[in-house]
Amino acid sequence: MEQRISLVTLGVRDLARARQFYETLGWRTGAGPDDDVVFFQAGDMVVSLWGREQLAEDSGVEDTGGWGGITLAHNVRSPDAVGAVMREAEAAGAAITREPSPTFWGGYSGVFTDPDGHTWEIAHNPHWTLAEDGSIQLSG
C-alpha cells in the first residue's frame, strides 16, 4: 500500500445542510443538487460528504453516533489566518470547541466542529513549510 490518502468521506446527517456549510466556506463541487454524495477537490485529495447511515452500512460498521476519534486539520500561513478561518467557520455555522491560542508544540491553533460534529483544527505550524498550493512537505 502506498503511503498516501486519496479520499476522506465525512458521514453527515443532513447532506444539504453539510453541503451548504462547506460551500459557505468557499469550497466548490461539481455535484448536482440531487446527487447523494458530494465531492470536493481538496488539494491532492478529495473530501466527500455522504449520509452517515449509508456510509456506516457501506463500511460494515454500527453507527453509535459518537466522536470517531479523528480530527481533520487545515494549516494556514500565520497565526492571524488561524483566527480569520475560525471566524469564517463560526459564521458558516461551526461550533468553536477551542479558541485559537499558542500550542504546546510552538504553533498556534484553534478547533471547531462542523454541523455534523466533525472536528477541524485550524493551525499555523512555524516548523513546517506551507507551499503555494497549500501542500505540506515534512522534512527528513
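Refer to the structure presented above.
A brief report on the enclosed structure follows. The structure displayed is predicted, hence computed values, not measured ones.

## Here we look at the overall build of the protein
- Helix and strand content of the protein: 3 helices and 9 strands.
- For the protein, the N- to C-terminal ordering of α and β elements is β-α-β-β-α-β-α-β-β-β-β-β.
- Referenced to the eigenvectors of the C-alpha coordinate spread, the extents of the protein come out at roughly 40 × 40 × 30 Å.
- Scored against the burial criterion, the 140 residues of the protein give a buried share of 36%.
- Within the protein, counting contacts between residues at least 6 apart in sequence, those at least 24 apart form 48% of the total.

## Here's the deal with the sheet that holds strand S2 (residues 37–42)
- The strand order S1-S3-S2 describes an open sheet built from 3 strands, whose pairing is mixed. Where the open sheet ends on each side, the last strands, each with one partner, are strand S1 (7–12) and S2. The mean inter-strand angle of the sheet, taken between neighbouring strand axes irrespective of direction, is 20°.
- One ladder, built from 6 bridges, connects S2 with strand S3 (residues 45–51); its direction is antiparallel. What sits directly across from phenylalanine 40, in S3, is valine 47.
- Against the sheet, helix H2 (residues 52–59) engages S1 and S3, with an angle of about 110° to S3.

## Considerations on the pairing of strand S6 (residues 108–113)
- Counting buried residues in S6 gives 5 out of 6 residues, a clear majority hidden from the surface.
- Between strand S5 (residues 95–102) and S6, which pair antiparallel and follow one another directly, the connecting turn spans 5 residues, one of which, glycine 106, has a positive phi of 95°.
- Bridge analysis of S6 against strand S7 (residues 119–124) gives 6 bridges, and the strand direction is antiparallel. Paired with tyrosine 108 across the two strands is histidine 124, which belongs to S7.

What counts and how
- Residues numbered from 1 in each chain as written.
- Predicted model: local features only at pLDDT ≥ 70, side-chain atom pairs only at ≥ 80, totals over all residues.
- Heavy atoms only, no water.
- Helix = DSSP H or I, 4+ residues; strand = E, 2+ residues; numbered from the N terminus.
- Buried < 20%, exposed > 50% of the residue type's maximum accessible area, 1.4 Å probe, protein only.
- Contact = heavy atoms within 4.5 Å.
- Pairing = 2+ DSSP bridges.
- Axes fitted to C-alpha atoms, helices over the stretch in contact; angles between N-to-C directions.

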